[in-house]
Amino acid sequence: MANGQWYPPEWPDRIRALAEGSLTPVVPKRAATVMLLRDTDAGPTVHMLRRRASMAFAGGAYAYPGGGVDPRDEHRIRWAGPTRAWWALRLGVDEGAAQAIVCAAVRETYEEAGVLLAGPTDDSVVGDTTGEDWEADRAALVARDLSFAEFLDRRGLALRSDLLGAWTRWITPEFEPRRYDTWFFVAALPQGQRTRNASTEADRTVWIRPADAAASYDKGELLMMPPTIATLRQLTPYDSAADALAAAPGRDLTAVLAQARLDDGEIVLSWPGHDEFTKHIPAGGAPA
């Protein structure tokens with residue numbers, strides 16, 4: 001392959017089935033993912049994990065911590081930062097859904113990276129979260145034996161929504177069997193906390209400069225889905241995590257959804273606003 005663009009071999013058949021009307025699109029599930037940033041002398045680095053090759057969705061691809069919304073993420077919790085109404089307006093959803101999406105971003109970052117964007121007061125953040133008692137709670141969250149609201153309440157913590165910046169929104173193509181409506185956020189690694197590979201879905205984690213990750217993708221060394229490499233390129237101009245967070249409120253959150261059309265027997269697959277991902281698929285052939 002010329003680069004590291006993730007491209008499942010079953011896509012052409014599914015695209016043709018969708019065009020013919022024999023494939024009914026799956027309703028996408030709401031999800032959130034977080035680009036966790038850490039400043040270095042060489043500029044900000046982003047925390048990425050490599051999905052296990054055995055994963056049904058995007059196996060072997062590099063991604064950020066994230067996952068689907070838990071229905072219990074709408075349960076009332078102690079909340080700091082912009083109001084739920086502010087987030088509803090920013091994300092383009094109702095207040096309950098806005099809370100659930102922000103909660104999913106914070107919860108999944110803790111579940112998969114061990115980093116918690118919450119604190120005992122509205123202007124503080126917890127420190128080291130690597131003790132055995134923290135790990136027991138994290139495991140209970142992963143198993144869904146404990147809701148995020150119960151976890152925060154038990155520890156007397158408030159979710160720090162002000163530590164997140166909504167960056168972009170992507171929806172999995174209609175021809176995919178697993179679909180997600182995903183909001184991407186940026187956040188800075190809190191002082192005193194450190195990441196670790198806490199995810200059973202990942203076999204490797206790295207801190208890497210966005211420009212370096214993009215260069216490795218361009219060489220075909222790192223496999224990524226279009227939203228991942230697109231957001232990496234968007235992060236490259238910023239000199240610090242604070243600069244990226246400051247830019248987030250001005251970002252357009254219009255959802256990016258792939259489009260597939262038949263053109264003289266050829267399938268043309270494109271992502272609006274992201275020409276680099278366009279694929280031309282001859283009838284019965286491989287993408288070009």
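Because the structure is a prediction, the values reported are computed rather than measured. (Residues numbered from 1 in each chain as written. Predicted model: local features only at pLDDT ≥ 70, side-chain atom pairs only at ≥ 80, totals over all residues. Heavy atoms only, no water.)

Colleague: I keep staring at the overall build of the chain and nothing clicks. Help me out?
Modeller: Within the chain, the secondary structure is distributed over eight helices and 14 strands. A globule of 288 residues ought to have a C-alpha radius of gyration of about 19 Å, and the chain, at 19 Å, matches this closely. Projected onto its principal axes, the C-alpha coordinates of the chain cover approximately 60 × 40 × 35 Å. Considering the chain as a whole, with its 288 residues, one finds that 52% of them fall into the buried category. As displayed, the chain has an accessible area near 12,600 Å², and 48% of this comes from carbon and sulfur atoms. (Helix = DSSP H or I, 4+ residues; strand = E, 2+ residues; numbered from the N terminus. Rg over C-alpha atoms; globule rule 2.2 N^0.38 Å. Buried < 20%, exposed > 50% of the residue type's maximum accessible area, 1.4 Å probe, protein only. Areas by Shrake-Rupley, 256 points an atom, 1.4 Å probe, with all protein chains shown as cover.)

Colleague: Just checking my understanding: could you explain empty space enclosed by the protein for this structure?
Modeller: For the structure on display, the rule yields one cavity of 30 Å³ or more. Taken as a whole, the largest cavity encloses approximately 30 Å³ of empty space. Here the lining of the largest cavity is built from residues that sort into six nonpolar, one polar and no charged. (1 Å grid on protein atoms, 1.4 Å probe; cavity = no way out; pocket = protein on both sides within 12 Å on 5 of 7 lines; lining within 4 Å. Points joined across faces, edges and corners; volume = space filled by probe spheres on them. Nonpolar A, V, L, I, M, F, W, Y, C, P; charged D, E, K, R; others polar.)

Colleague: Explain the side chain of Arg84 here, please?
Modeller: Looking at the element boundaries, Arg84 is found in helix α2 (residues 84–91). At 6.2 Å, Glu95 is the nearest oppositely charged side chain to Arg84, a buried residue that forms no salt bridge. One polar contact links Arg84 to Gln99, side chain to side chain, over a distance of 2.6 Å. The contacts of Arg84, once residues within four sequence positions are left out, are Arg76, Ile77, Trp79, Glu95, Ala98 and Gln99. (Lys, Arg positive; Asp, Glu negative; His and termini not counted. Salt bridge = Lys/Arg side-chain N within 4 Å of Asp/Glu carboxyl O. Polar contact = N/O pair within 3.5 Å; in protein donor to acceptor, adjacent residues only side chain to side chain. Contact = heavy atoms within 4.5 Å.)

Colleague: Any chance you could explain the sheet that holds strand β5 (residues 79–80) here in plain terms?
Modeller: The pairing of strands in a sheet comes from backbone hydrogen bonds and takes either a parallel or an antiparallel form. Strand order in this open sheet of three strands is β5-β7-β6, and the pairing throughout is mixed. Of all strands in the sheet, those bounded by a partner on one side alone are β5 and β6 (118–119). With two bridges connecting them, β6 and strand β7 (residues 158–160) associate as antiparallel partners. In the sheet register, Gly119 faces β7, and the bridge partner there is Ala158. (Pairing = 2+ DSSP bridges.)

Colleague: Any chance you could explain the pairing of strand β2 (residues 45–51) here in plain terms?
Modeller: Put simply, side chains in a regular strand alternate between the two faces of the sheet. In terms of residue burial, β2 counts as a mostly covered element, since six of its seven residues are buried. Here strand β1 (residues 29–38) pairs with β2 via two bridges, running antiparallel. Within the sheet, the bridge partner assigned to Leu37 lies in β2 and is Val46. Adjacent in sequence and paired antiparallel, β1 and β2 are bridged by six residues, among which Gly43 carries a positive phi angle near 110°. In this structure, β2 lies alongside strand β3 (residues 62–63), joined through two bridges in antiparallel fashion.

Colleague: Please clarify how helix α6 (residues 210–218) should be interpreted in this entry.
Modeller: Helical geometry note: an α-helix holds 3.6 residues per turn, so side chains three or four residues apart project in the same direction. Within α6 the residues assigned to the buried category are Pro210, Ala213, Ala214, Ser216 and Tyr217. Projected onto a plane normal to the axis of α6, the buried residues spread over an arc of 160° and lie on a single side. In the segment just after α6, Gly220 is the residue with positive phi, at about 80°. (Arc of directions from axis to C-beta.)

Colleague: Which parts of the structure should I look at to understand the packing of helix α4 (residues 132–142) against helix α5 (residues 148–155)?
Modeller: When two helices pack together, their arrangement is given by the angle between the helix axes and the distance between those axes. Contact pair α4 / α5: the axes reach a minimum separation of 10 Å and the direction vectors enclose 160°. When the axes of α4 and α5 are compared, the pair comes out roughly antiparallel. You can see that α4 and α5 cross each other, and the crossing is right-handed. Where α4 approaches α5, its residues Asp133, Trp134, Asp137 and Leu141 are matched on the opposing element by Phe148, Phe151, Arg154 and Arg155. (Axes fitted to C-alpha atoms, helices over the stretch in contact; angles between N-to-C directions. Parallel < 35°, antiparallel > 145°, perpendicular 65-115°, else oblique. Left-handed = near helix turned anticlockwise from the far one by under 90°.)

Colleague: Where do I start with helix α3 (residues 95–113) in this structure?
Modeller: Over its 19 residues, α3 runs 27 Å from end to end, which matches the ideal 27 Å to within 8%, given 1.5 Å per residue. Once α3 finishes, Gly114 follows within two positions and takes phi at roughly 75°, a positive value. (Expected span 1.5 Å × (residues − 1).)

Colleague: Teacher, can you tell me more about the packing of aromatic side chains here?
Modeller: Two aromatic rings, taken as a pair, are described by how far apart their centres are and by the angle between their planes. In total, this model carries 10 aromatic pairs according to the counting rule given. The interplanar angle of 90° and the centroid separation of 6.4 Å between the aromatic rings of Tyr64 and Phe184 together place this pair among those described as edge-to-face. Of this pair, Tyr64 sits in the loop between β3 and β4 (66–68) while Phe184 sits in strand β9 (residues 180–188), placing them 120 residues apart in sequence. Phe184 matches Tyr64 in its accessibility class, with the two residues each being buried. Residues Trp170 and Phe277 carry aromatic rings whose centres are separated by 6.5 Å and whose planes lie at 70° to one another, so their mutual orientation is edge-to-face. Remark: Phe277 occurs in strand β14 (residues 274–281) and Trp170 occurs in strand β8 (residues 165–171); sequence separation between them is 107 residues. Phe277 matches Trp170 in its accessibility class, with the two residues each being buried. An aromatic cluster is present here, built from Tyr110, Trp134, Phe148 and Phe151 joined pairwise through their rings. (Phe/Tyr/Trp six-rings, centres within 6.5 Å; stacked < 30°, edge-to-face > 60°.)

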